[in-house]
Amino acid sequence: MRKVIIAGNWKMFKTQTEAQEFLQGFTSHLDETSEDREVVLCVPFTTLGMMSKSLHGSRILLGAQNIHWEDSGAYTGEISGPMLLEFGIRYVVVGHSERRQYFGETDETVNWRLRAAQRHGLTPILCVGETKQQRDAGETERVIFSQLEKDLIGVDQNNLVIAYEPIWAIGTGDTCETTEANRVIGLIRSKLINPNVTIQYGGSVKPDNIDDIMAQPEIDGALVGGASLQPESFARIVNYQ
């Protein structure tokens, strides 16, 4: 059985005050959440301390936005594995689309981050996906297969989550058809040594499409972005039917 994971990908979406308000509104819905799925909040570094204390003893697991491959040093704006461990982090997002597209994140550094996460016992959520230009050129499979080949060198697939993030469907108003997302995720799975890796869908997940997304046989969860990270919306997604 593959694990089902619904993760909120907060990026730099909430201040500490906003995060506390979110938790107050969201946690009241957790009693309705089936035990067959994990709920993860991957939050900005600035809220890790507060969230670690607030989630202590909760069924919500805490995740982070990124990890540096070195354990210490003058890496301005980065956070290391030992730092994350102090907050009780379980998951860390690596290689998400904005870093690849806007900050020049390479497959080499994505690989370094993945291996650093696993070295410290963290489970990385690896994001892969194509741009609109690549999709329109019919290069979806080539791009994603290349990312997987380079990113997963030396990575333990028994401690890994993958999120298919079609970059063209994030914040653009375009939506990937659920059957197409299922097809691409099936192709991703076919390239893995471990077929039981949890693979999430991470493009425009909303309360009104989550049931259809999770009905697809290859999709094991969702990586939910800022547009759906209001308490009621996220609760509806977590409690999909």
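Refer to the preceding data block for the structure.
Here the structure is a predicted model, which is why all the values come from computation and not from measurement.

Q: Outline the environment of Val-40, listing residues and values.
A: The residue Val-40 is located in strand S2 (residues 37–43) in this model. Note: C-alpha distance between Val-40 and Leu-223 (183 residues apart in sequence) is 9.3 Å. Residues in contact with Val-40, not counting those within four places in the same chain, are Ile-5, Ile-6, Ala-7, Gly-8, Leu-61, Leu-62, Gly-63, Tyr-91 and Phe-234.

Q: Explain the nonpolar core to me, using residue names and the numbers behind them.
A: Core analysis: the largest hydrophobic core is formed by 62 residues, its most contacted members being Met-51, Tyr-201 and Phe-234. If near-sequence neighbours (up to four positions away) are discounted, Tyr-201 is found in contact with Tyr-164, Pro-166, Ala-169, Cys-176, Ala-181, Ile-185, Ile-213, Ile-219, Gly-221, Ala-222 and Leu-223. Among the nonpolar cores identified, the runner-up in size contains 12 residues, and Ile-5, Ala-7, Tyr-91 and Cys-127 belong to it.

Q: With reference to specific residues and values, describe the side chain of Thr-198.
A: Within the secondary structure layout, Thr-198 lies in strand S7 (residues 198–201). Of the polar contacts made by the side chain of Thr-198, one reaches the backbone oxygen of Lys-3; its length is 2.7 Å. In this structure Thr-198 touches Arg-2, Lys-3, Ile-5, Leu-160, Val-161, Ile-162 and Asp-220, once residues within four positions along its chain are discounted.

Q: Give a description of helix H1 (residues 16–26) that names residues and reports values.
A: Since the α-helix advances by 3.6 residues per turn, residues separated by three or four positions end up pointing in the same direction. Within the sequence span of H1, burial applies to Ala-19, Phe-22, Leu-23 and Phe-26. Within H1, the buried residues cover an arc of 95 degrees as seen down the axis, which keeps them to one side. Those residues of H1 that are buried are in contact with S2, helix H2 (48–54), strand S3 (60–64) and helix H10 (231–238).

Q: Break down the pattern of salt bridges for me, citing the residues and quoting the values.
A: Counted by the stated rule, this structure contains 19 salt bridges. In this structure, the salt-bridge partner of Glu-38 is Lys-3, at a minimum N-O distance of 3.3 Å. With Glu-38 in strand S2 and Lys-3 in the segment before strand S1 (4–9), the pair connects residues that are 35 residues apart, well separated along the chain. Residue Glu-38 is classed as buried on the basis of its relative accessible area of 19%. For the salt bridge of Lys-11 with Glu-98, the shortest nitrogen-to-oxygen distance reads 2.7 Å. Remark: Glu-98 occurs in helix H4 (residues 97–102) and Lys-11 occurs in the loop between S1 and H1; sequence separation between them is 87 residues. Ionic contacts of the salt-bridge type, sharing partners, join the residues Arg-2, Arg-189, Glu-218 and Asp-220 into one network.

Rules and cut-offs
- In this convention, every chain numbers its residues from 1, walking through the sequence in written order.
- Side-chain atom pairs in this predicted model are given and counted only at pLDDT of 80 or more, local residue features only at pLDDT of at least 70, and totals for whole chains, interfaces and linings cover all residues.
- Side-chain measures here rest on the full set of heavy atoms in the structure, leaving out hydrogens and waters.
- Note on conventions: DSSP H or I runs of at least 4 residues are helices, E runs of at least 2 residues are strands, and numbering of each starts at the N terminus.
- We call two residues in contact whenever any of their non-hydrogen atoms come within 4.5 Å of each other.
- What we call a nonpolar core is a set of buried Ala, Val, Leu, Ile, Met, Phe, Trp, Tyr and Cys residues that are connected through their side-chain atoms within 4.5 Å.
- Type-normalised accessible area, obtained with a 1.4 Å probe on protein chains alone, sets the label of each residue: buried when under 20%, exposed when over 50%, and partly exposed for intermediate values.
- A 3.5 Å cut-off defines polar contacts: any pair of N or O atoms within that distance qualifies, except that in protein one atom must be a possible hydrogen donor and the other a possible acceptor, and neighbouring residues in sequence count only when both atoms are side-chain atoms.
- Our arc is simply the arc of the directions from the helix axis toward the C-beta atoms.
- When a carboxyl oxygen of Asp or Glu is within 4 Å of a side-chain nitrogen of Lys or Arg, the pair counts as a salt bridge.

That's the geometry; what it means functionally is another story.
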